[in-house]
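Here is how the chains run, residue by residue.
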Amino acid sequence: MKNLKLASGEIGQKTVVRVGNVDVGHQFVVIAGPCGVETEEQTLETARAVKAAGADMLRGGAFKPRTSPYSFQGLGLQGLKILEKAREETGLPIVTEVIDPRDVSWVSEFADILQIGTRNMQNFALLKEVGRSDRPVLLKRGMYSTLEEWLNCAEYILSEGNPNVILCERGIRTFEKYTRNTLDLSAIPAIKELTHLPIIVDPTHGTGRLSLIGPMSLAAVAAGADGMIIEVHNNPQAALSDADQALTPQMFADLMKRVKPLKTFMENLTD
Ligand code: PEP
Ligand code: MN
């Protein structure tokens, strides 16, 4: 692919993004937590539960890019303060979305990883701004984007001087309506052919259906993903965003019991 001067890299090169004591790209990373930060109780309870089940990082949006302007938009600064509290208590690094270039520098004071959502994948001003940040960036695939367009967006970040980009396959829009998106698992081995950057999978937004999250998580492990990001809520029915696709802490714990042994099995196969 043309012009991927930094994203394509040398043969055999593999970028490892260190966050806290987790080496993304080296060990399998599990990021879990609510879609949005709603209350201190909801976030802390969920954080404790995902930590106990073996998650490596906590996710939670303080800025929610919603289809409707009347839907819950996130708590902003108050949400980031809640996430900070959850990190203090659990030690889990925080992954949180930033949607406005003007917010990047101050959100970076709270976030361990800055998430760029699917709707902002080609927000070039935002990409340049996170490219100048010293925080790693989780770059989600645009729902209408090709791999080449996606990697060019990674290139925007890398070319501003930030080498720590993690890609996230989160499903693309197709004619299929049963699932919320079509999770493109072929993107995992394809991305590994095209770039040295780590890639994780989001089976939550990739399917939008509780019953499919488990099977697609296992499939992502088998396809060689470097990790996954999953929505978990302490009380999914009460969630203010993405209520239908949030796992309960128990469902997440059950899934983790299958993900970890499968990962070990796959590592032994390829060794
Ligand atoms: C999210 O992670 O909550 C989110 C909004 O994801 P996406 O940008 O992939 O829709
Ligand atoms: Mn969500």
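Above this text sits the structure in question.
Residues numbered from 1 in each chain as written. Chains lettered and ligands numbered in written order. Predicted model: local features only at pLDDT ≥ 70, side-chain atom pairs only at ≥ 80, totals over all residues. Heavy atoms only, no water.

Novice: Describe the overall build of the protein, with residues and values.
Specialist: Of the regular secondary structure elements, the protein holds 9 helices and 10 strands. The globule rule puts the C-alpha radius of gyration for 271 residues at 18 Å, and the 17 Å found for the protein is close to it. Dimensions of the protein, computed from the C-alpha atoms along their principal axes, are close to 45 × 45 × 40 Å. Among the 271 residues that make up the protein, the fraction classed as buried is 56%. For the protein, restricting intrachain contacts to residue pairs at least 6 apart in sequence, the fraction spanning at least 24 positions comes to 70%. Put simply, the protein shows about 11900 Å² of open surface, and 51% of that area lies on carbon and sulfur atoms. Once the 29 positive and 33 negative side-chain charges of the protein are each reduced to a mean point, those two points are 2 Å apart. (Helix = DSSP H or I, 4+ residues; strand = E, 2+ residues; numbered from the N terminus. Rg over C-alpha atoms; globule rule 2.2 N^0.38 Å. Buried < 20%, exposed > 50% of the residue type's maximum accessible area, 1.4 Å probe, protein only. Contact = heavy atoms within 4.5 Å. Areas by Shrake-Rupley, 256 points an atom, 1.4 Å probe, with all protein chains shown as cover. Lys, Arg positive; Asp, Glu negative; His and termini not counted. Charge placed at Lys NZ, Arg CZ, Asp CG, Glu CD.)

Novice: Any details on the coordination of the manganese ion (ligand 2)? Residues and values, ideally.
Specialist: Coordination of the manganese ion (ligand 2) by the protein is provided by Cys35 (SG), His205 (NE2), Glu231 (OE) and Asp242 (OD), with metal-donor distances spanning 2.1 to 2.4 Å. Mapped onto the sequence, the residues coordinating the manganese ion (ligand 2) show the spacing C-x169-H-x25-E-x10-D. Of the two residues, histidine 205 is situated in helix α7 (residues 203–207) and aspartate 242 in the loop between β10 (227–231) and α9 (249–270); the sequence distance between them amounts to 37 residues. In terms of burial, histidine 205 and aspartate 242 fall into one category: buried. (Donors = N, O, S within 2.8 Å, 3.2 Å for Na, K, Ca; no water.)

Novice: Lay out the environment of arginine 132 with the relevant residues and their values.
Specialist: Here arginine 132 is to be found in the loop between α4 (124–131) and β7 (137–140). Each C-alpha atom, one on arginine 132 and one on leucine 158, is 9.1 Å from the other, the two residues being 26 residues apart in sequence. One polar contact links arginine 132 to glutamate 160, side chain to side chain, over a distance of 3.2 Å. (Polar contact = N/O pair within 3.5 Å; in protein donor to acceptor, adjacent residues only side chain to side chain.)

Novice: Talk me through the pattern of salt bridges; I want residue IDs and the actual numbers.
Specialist: As enumerated under the stated definition, the model contains 16 salt bridges in all. A salt bridge links aspartate 100 to arginine 102; the nearest nitrogen and oxygen atoms lie 2.6 Å apart. Among the residues examined, aspartate 100 registers a relative accessible area of 18% and is labelled buried. With relative accessibility at 69%, the residue arginine 102 sits in the exposed group. A salt bridge links arginine 141 to aspartate 184, with the shortest nitrogen-to-oxygen separation between them at 2.9 Å. Of this pair, arginine 141 sits in the loop between β7 and α5 (147–159) while aspartate 184 sits in the loop between β8 (165–169) and α6 (187–194); the two residues are 43 residues apart in sequence, bridging distant segments of the chain. (Salt bridge = Lys/Arg side-chain N within 4 Å of Asp/Glu carboxyl O.)

Novice: For the pairing of strand β6 (residues 113–116), give the residues involved together with the corresponding values.
Specialist: Along β6, one buried face is formed by Ile113 and Gln115 and the opposite face, lined by Leu114 and Ile116, is buried too. Relative to β6, strand β5 (residues 94–97) is paired through 3 bridges, and the arrangement is parallel. Across the sheet, threonine 96 pairs through a bridge with leucine 114, a residue of β6. Pairing of β6 with β7 involves 3 bridges; the strand directions are parallel. When the sheet's bridge partners are listed, leucine 114 is paired in β7 with valine 137. The parallel pair β6 and β7 is bridged by α4, and the resulting crossover is right-handed. (Pairing = 2+ DSSP bridges. Right-handed = clockwise from strand over helix to strand, strands pointing away.)

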